[in-house]
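Commentary on secondary and tertiary structure
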Amino acid sequence: MAEQGIHTNHRERMRKRFQENGFDGFSDHEVLEYILFHAIPRKDVNPLAHQLIEHFGSLDRVLEASERELVQVPGIGPAAARLIAMLLPADRYYRMLKKRPGRKVSSLEEIGDYMETLFYGAAVEMVYAMYLDDRNHILKVEKCFEGTANSSTVPVSLLSSRMIQLGATQLVLAHNHPRGFALPSREDLELTIQLRRQLATLGLSLLDHVIVSPDDYISLRMSEKFQNLFV
């Protein structure tokens, strides 16, 4: 009972700290410990927080881990794994809501800022497509591929078919470099050229190709160095 009282008081103190200042002043393991409070009641989770960070190497890697990876750590059950794995997608969705453009976009910057939020916290390479009509109204934004993005793997024919299905005349393609920089590779440039040419044969347009890194993004259409890809 005395040990239970110690844990209860510790949790209450941490809850009060969070209520007053959020996670300001928390160490990495304390942030994780506070999260675990909500999945593992009546147990000292401080050692488990340290164990998770040691296992994955850092707090950010813990938050990027999948449920399947998390449950491999002794002491982490399905409920705790689901809670931790939910945090980044929830934050990503919040950021998308804050940056979501109106149904009509007015600039490439607006598009780029929005596309960047789609990859927040992503640990694997993904490809998103934004479909627009000829008046720059957004018809659909969706993930169309997961894996290395190049001209042999991105389903160009499916993208054009989807454009026709939606009544879109313009496409913005975006993919990420999860561990790299927001700079196009040779494969990225080849994909851009091939996609633009194939869409042009159907009277459709590649408006931009956005490449996102964990800290930045580049719009190939806005870059003076790569604008010629769209001519």
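Residues numbered from 1 in each chain as written. Predicted model: local features only at pLDDT ≥ 70, side-chain atom pairs only at ≥ 80, totals over all residues. Heavy atoms only, no water.

Below, the discussion takes up the sheet that holds strand 3 (residues 170-176). The strand order 2-1-3-4-5 describes an open sheet built from 5 strands, whose pairing is mixed. At either end of the open sheet lies a strand with only one pairing partner, and these are strand 2 (138-146) and strand 5 (217-219). Recorded for the sheet is a direction-independent mean angle of 20 degrees between the axes of neighbouring strands. The strands that helix 9 (residues 186-200) touches are strand 3 and strand 4 (205-212); relative to strand 4, the one it contacts most, it runs at about 160 degrees. (Pairing = 2+ DSSP bridges. Helix = DSSP H or I, 4+ residues; strand = E, 2+ residues; numbered from the N terminus. Axes fitted to C-alpha atoms, helices over the stretch in contact; angles between N-to-C directions. Contact = heavy atoms within 4.5 Å.)

Another aspect to go through is the nonpolar core. In terms of nonpolar packing, the biggest core is built from 25 residues, with Leu32, Leu36, Leu52, Val62, Leu70, Ile76 and Ile84 touching the most fellow members. For this core, the element with the highest residue contribution is helix 2 (residues 28-37), accounting for 6 residues. Leaving out residues up to four positions away in the same chain, Leu36 has contacts with Val45, Leu48, Ala49, Leu52, Ile76, Ala80 and Ile84. Formed by 22 residues, the second largest nonpolar core is a distinct cluster that contains Met163, Ala182, Leu204 and Leu220. (Core = buried A, V, L, I, M, F, W, Y, C linked by side-chain atoms within 4.5 Å. Buried < 20%, exposed > 50% of the residue type's maximum accessible area, 1.4 Å probe, protein only.)

For the structure on display, the rule yields 7 aromatic pairs. Ring plane angle 80 degrees and centroid distance 5.3 Å describe the contact between Phe23 and Phe26, whose orientation is recorded as edge-to-face. When the ring centre of Phe26 is taken as origin, the NZ or CZ atom of Arg17, which lies over that ring, is 4.2 Å away. Just above the ring of Tyr120 sits the side chain of Arg95; from NZ or CZ to the centre is 3.9 Å. (Phe/Tyr/Trp six-rings, centres within 6.5 Å; stacked < 30°, edge-to-face > 60°. Lys NZ or Arg CZ within 6 Å of the ring centre and 35° of its normal.)

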